[in-house]
Amino acid sequence: MKFMKLGSRPDTFYNSDSVRSVSSEVSSDLVVQVNGTRYLLHKFPLLSKCLRLQRLCSETPESSQHQIIQLPDFPGGTESFELCAKFCYGITITLSAYNIVSARCASEYLQMTEDVEKGNLLYKLDVFLNSCILNGWKDSIITLQTTKPFHLWSEDLGITSRCIEAIASKVLSNPSKVSLSHSYSRRGGRDKDDMSCNGSRTTSKGWWAEDLSELGIDLYWRTMIALKSGGKVPANLVGDALKIYASKWLPNISRNLEKESGDCNGEPTPSNSKSRLLLESIISLLPAERNAVSCSFLLKLLKAANIVRASTSSRTELARRIGVQLDEATVGDLMIPCSSNEMTYDVEVVSEILEQFLLQGQSPPTSPPRVKGRFERHRRSRSNGDFELQESRRSSSASHSSKIKVARLVDVYLQEIARDVNLPLSKFTALAEAIPDFARLDHDDLYKAIDIYLKSHPNLNKTERKRICRILDCKKLSMEVCMHAAQNELLPLRVVVQVLFFEQARAAMAGGQLTDLPSNIKALLAAQDDASRPHDGSLSTNRSMVQPEDQWSISGLKSPKSNLSTLRMKLAEDDDLGVNFHNGISKSNSSKVKQLCSIPNRPKRMFSKLWSSNRSTTSEKR
């Protein structure tokens, strides 16, 4: 901390209730009133340095003993006035980053300029501010913080802008050596990390973002704008700084709103408005680069935006940015509370994010601009063309793999939101159908989500159950899931028939026993064989998020949960058997499927194979 002492006399002010005076052999002839406090002073030392007091004394009639001067709305109050008065009397004063702003505003108010007397207070304060205070890192930040009570004065005098420029210049002077070390301790050793009064640099490493996080959002926003406009601070450092600031201030949002929620009945409050301004300012500072901030951080901002009911433009901007990086998200990140009481989670905003993610894959890969001129076009080498083709294929492959990853993410997310009894069927199906068919390598997780939804919504009618099962592709179900689906009483009978048909037909083809199937059905089953194989272990991790009561296995399915004899009777009565199977068999082939099912021997063996195994299991248990 930099200090400056002015004056040499040891005199000071003596207090007597609300009256203060200077110890002097000469009786006072001037009374100055500041915020209810009276000062018994002398005209000569004050008027010789304060042009404003000269004018006020000339306009105020003199009394018999004291001339009274009123100073309403004095900047900095009594402390600032005493500092200026002591300087006029030659009494020692101490200046630092904590009082330089109030002293500067007070001296401006009293017009203590060089026109009145050479070496006046205003001049000395400017020299101390520019030559020493603004050369120090901590002093610059402290001074900037102290401008808040004197907002208008500091803006008019240029103190605020000078502090911001000084802070930004220190970061921009060598941004590669200014890292954001989150393990840096703020308790001790801080005086070493500063700049001396003569401007020589000492160590400056790992703490600038944490120091800036002490600023209010208005001053912080202006400082970060100055840093970004310099163009030297990497985008990831800006992103890390914003994350540090958000982690310090955003947790207070939900805490403050919880205190006011019971008293304000949902009406806007000053705290809510302040929190909204804080959040929207952080959003506006986000770097444009893709990887400057993590997808998880963006989703946390979106959750906070829902809490404070941020503007639509801010939430749309967050949804757009999250959509670009959606493949980096986790299911926990997507569990965004709904701002209304209609649903537990905000499914609409996740749908919007997914839409933004899918839109980016529709644009063609970026290619170099076309070179004008015939000669230049012919000079483009074949190797460059091959390189561009390889880059295009690599980009397309990355996009394809990210869509597969997002498809798994969405299916597990559907399992979580399916438990919400207030979730409409239309929102569930719309989100499930938004995933491209190629992105779902299998439909096991989707089936789990549908099963959970059917259990949580037992009042769905037959049409609604058919509607939700229409998005399910039975050809992409594993053996384990098919076993479960065959005994699931919540599924429409049409789906059960599809599961039985495709599973038995696939098993027969694998054993080389079903040679009489139509060629187009054989091709259809063979085409889906690869997609139905188990994939990597990342999916098993996602499956573990499903609660224990929703997990099932082949061993658990050996005990029949449905009456299979009743299923046979309903299958015979159901008029849906004539409807063509989902997503693969055309109307022209439905007659061939009927013929296949009417063959007396093989189809019966196919459909009774599973039933007989369940009977044997049941008899063994009995």
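To be clear, the structure that these remarks concern was listed above.
Basis of the calculations
- Numbers given to residues run from 1 along each chain, matching the order in which its sequence is written.
- Reporting in this predicted model follows two pLDDT cut-offs: at least 70 for local features of residues, and 80 or more for side-chain atom pairs to be given and counted; totals over whole chains, interfaces and linings ignore these cut-offs and use all residues.
- The side-chain values count all of the structure's non-hydrogen atoms but skip hydrogen atoms and water molecules.
- Numbering of helices and strands runs from the N terminus, with a helix taken as a DSSP run of H or I at least four residues long and a strand as a DSSP run of E at least two residues long.
- Think of it in three bands: residues with accessible area under 20% of the maximum for their type are buried, residues over 50% are exposed, and the middle band is partly exposed, with areas taken using a 1.4 Å probe on protein chains only.
- Here, two residues are considered to be in contact whenever any of their heavy atoms come within 4.5 Å of each other.
- For every accessible area listed, the method is Shrake-Rupley and the probe measures 1.4 Å; residues are considered covered only by the protein chains on display.
- Pairing between two strands requires that DSSP report at least two bridges joining them.
- By definition here, a helix of n residues has an expected span of 1.5 Å times n minus one.
- Pairs were defined over the aromatic rings of Phe, Tyr and Trp, the Trp ring being its six-membered one, requiring ring centres within 6.5 Å. Orientation was assigned from the angle between planes: stacked under 30 degrees, edge-to-face over 60, tilted for the rest.
- Only when the NZ atom of a Lys or the CZ atom of an Arg is both within 6 Å of the ring centre and within 35 degrees of the ring normal do we say a charge sits over the ring.
- When a carboxyl oxygen of Asp or Glu lies within 4 Å of a side-chain nitrogen of Lys or Arg, that pair is called a salt bridge.
- Note on geometry: axes are C-alpha line fits, over the in-contact stretch for helices, and angles between N-to-C directions span 0 to 180 degrees.
- Here a crossing is called left-handed whenever its near helix is offset anticlockwise from the far helix by less than a right angle, and right-handed whenever the offset is clockwise.
- Note on residue categories: nonpolar means Ala, Val, Leu, Ile, Met, Phe, Trp, Tyr, Cys or Pro, charged means Asp, Glu, Lys or Arg, and polar means any other residue, Gly included.
- Here a polar contact is taken to be a pair of N or O atoms separated by no more than 3.5 Å, where protein atoms must pair a possible hydrogen donor with a possible acceptor and residues adjacent in sequence count only if both atoms sit in side chains.

Some remarks on the overall build of the protein
Looking only at helices and strands, one finds 30 helices and seven strands in the protein. Scored against the burial criterion, the 622 residues of the protein give a buried share of 46%. By sequence separation, contacts in the protein at least 24 residues apart represent 73% of the contacts at least 6 residues apart. A total of about 32,000 Å² of accessible surface is found on the protein, and carbon and sulfur atoms cover 51% of it.

So, the pairing of strand β5 (residues 37-41)
Walk down a regular strand and you will see the side chains alternate between the two sheet faces. Only one face of β5 is covered, namely the one carrying T37, Y39 and L41; the face carrying R38 and L40 has none of its residues buried. By the bridge criterion, three bridges tie strand β3 (residues 19-22) to β5 in an arrangement that is parallel. Looking across to β5, one finds that V19 is bridged to R38. As judged from the five bridges shared by strand β4 (residues 30-34) and β5, these two strands associate in the antiparallel manner. The residue of β5 that forms the bridge with V31 is L40. Following β4, the chain reverses through two residues before pairing antiparallel with β5; N35 in that reversal takes a positive phi of roughly 50 degrees.

Notes on helix α8 (residues 159-172)
Across its 14 residues, α8 extends 20 Å between first and last C-alpha, which sits within 8% of the 20 Å expected from 1.5 Å per residue. Taken together, the buried positions of α8 are occupied by I159, T160, C163, I164, A166, I167, A168, K170, V171 and L172. In this structure, the buried side of α8 is in contact with α4 (100-110), α6 (137-145), α7 (151-157), α9 (208-212) and α10 (217-230).

Focus on the packing of aromatic side chains
A complete count under the given rule lists eight aromatic pairs for this structure. Look at Y245 and W249: their rings are 6.0 Å apart centre to centre, the planes differ by 40 degrees, and that puts the pair in the tilted class. Of this pair, Y245 and W249 both sit in helix α11 (residues 235-249), four residues apart, roughly one helical turn. According to the relative accessible area criterion, Y245 is buried, its value standing at 1%. Judged by its relative accessible area of 29%, W249 is partly exposed. With 5.3 Å between their ring centres and 75 degrees between their planes, F501 and F502 make a pair best called edge-to-face. Judged by relative accessible area, F502 falls into the buried class, the value being 1%. Clustering of aromatic rings is evident, with ring pairs tying together Y39, F74, F81, Y109 and W153. Here the basic side chain of K403 rests over the ring of F357, its NZ or CZ set 5.7 Å away from the ring centre.

Section: the pattern of salt bridges
Pairing is possible between side chains that carry opposite charge, provided their charged atoms lie close to one another. With the rule as written, the count across this model stands at 16 salt bridges. The closest approach of N and O atoms between K49 and E117, which form a salt bridge, is 3.2 Å. Pair noted here: K49 is in the loop between α1 (43-47) and α2 (51-59) and E117 is in the loop between α4 and α5 (121-131), with a separation of 68 residues, a long-range link. By relative accessible area, K49 is classed as buried at 13%.

Let's talk about the packing of α6 against α8
Helix packing for two helices is described by the angle between their axes and how far apart those axes are. Close contact between α6 and α8 brings their axes to 9 Å; oriented N to C, the two are set at 150 degrees. Considering the relative orientation of α6 and α8, their crossing is left-handed. For the pair formed by α6 and α8, the contact residues are W137, S140, I141, T143 and L144 on the first element and T160, C163, I164, A166, I167, K170 and V171 on the second. Among the residues making up the contact of α6 with α8, the classes are represented as eight nonpolar, three polar and one charged.

What to know about the side chain of S281
In this structure, S281 sits in helix α13 (residues 270-285). The exposure class assigned to S281 is buried, which follows from its relative accessible area of 11%. Among all residues touching S281, those that are not within four sequence positions of it are I217 and W221.

Brief notes about the environment of K43
Within the element layout of this structure, K43 appears in helix α1. A residue is classified by how much of its surface remains accessible, and K43, at 17% relative accessible area, is buried. A sequence separation of twelve residues divides K43 from V31, and the C-alpha atoms of the two residues are 9.2 Å apart. Apart from the residues lying within four places of it in its own chain, the contact partners of K43 are D29, L30, S48, E62 and Q67. One polar contact links K43 to Q67, side chain to side chain, over a distance of 2.6 Å.

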